[in-house]
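The residues making up each chain are set out below.
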Amino acid sequence: MKKVYLFLAVFFISFLLIACNEQTIKEHKENITKGNPTVADILLDNTDADILLLNGIVYKNAVDIAWVNEEDLTLGKEVAVIKKQTKDAEEFTDGVATKLNVGTKIYKSVGNGNIYIAVVKGKEIRYLGLIEG
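First, a word on scope: everything that follows refers to the structure included in this document. All values derive from a computational prediction rather than experimental measurement. (Residues numbered from 1 in each chain as written. Predicted model: local features only at pLDDT ≥ 70, side-chain atom pairs only at ≥ 80, totals over all residues. Heavy atoms only, no water.)

1. A closer look at the environment of Leu100
Part 1 of the reasoning: Relative to the elements of secondary structure, Leu100 occurs in the loop between β5 (96–97) and β6 (105–110).
Part 2 of the reasoning: Taking relative accessible area as the criterion, Leu100 reaches 5% and is therefore assigned buried.
Part 3 of the reasoning: Considering only alpha carbons, one finds Leu100 and Val120, 20 residues apart in sequence, at a separation of 8.2 Å.
Part 4 of the reasoning: Excluding its chain neighbours within four sequence positions, the residues that come into contact with Leu100 are Leu52, Ile82, Gln85, Ile106, Ala118, Val120 and Tyr127. (Helix = DSSP H or I, 4+ residues; strand = E, 2+ residues; numbered from the N terminus. Buried < 20%, exposed > 50% of the residue type's maximum accessible area, 1.4 Å probe, protein only. Contact = heavy atoms within 4.5 Å.)

2. What to know about the pairing of strand β1 (residues 51–54)
Part 1 of the reasoning: Here β1 shows a buried face lined by Ile51 and Leu53 and a second buried face lined by Leu52 and Leu54.
Part 2 of the reasoning: With four bridges joining them, β1 and strand β2 (residues 57–61) adopt antiparallel strand pairing. If you follow Ile51 over to β2, its bridge partner there is Lys60.
Part 3 of the reasoning: The hairpin formed by β1 and β2 contains two residues between the paired strands, and Asn55 there has a positive phi angle of roughly 50°.
Part 4 of the reasoning: Pairing geometry for β1 and β5, over two bridges, is antiparallel. Each residue of the ladder has a partner; that of Leu52, found in β5, is Ala97. (Pairing = 2+ DSSP bridges.)

3. Re the pairing of β6
Part 1 of the reasoning: Where strand β3 (residues 74–81) lies against β6, five bridges are found, and the strand directions are antiparallel. Looking at β6, one finds that Glu78 is bridged to Tyr107.
Part 2 of the reasoning: Direction of pairing for β6 relative to strand β7 (residues 115–120): antiparallel, over a ladder of four bridges. Bridge assignment links Lys108 to a residue of β7, and that residue is Tyr116.
Part 3 of the reasoning: Once β6 ends, the chain turns through four residues before running back antiparallel as β7, passing Gly111 with a positive phi of about 130°.

Okay, here's the thing in structure tokens:
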């Protein structure tokens, strides 16, 4: 009879340890995935991504995002000038882009604070901030 109780106790303790471990793993994965995507995250998924970094936020070319292009926006004040072009995530700091040429001016949009506008050869290109939450 003692062997049955011992077996049940060991089984119950093992079950609790496994259940707690699975919950810890799930919480850890959720914590890792929270937060804004980084340049490395974006370039890992798409090495040809058209992005820029401003104020620690990654902005993605929004030419293919219908709702962004439907927004009624105008150019606000100039907020940055692209100072470097690279596809190396480790070289990214504010004002660096993957495709925009050095010297391209970036403007804050009037109408949506999460969209910046780059002006290239007189044409406006919208960039959407990749912000979680």
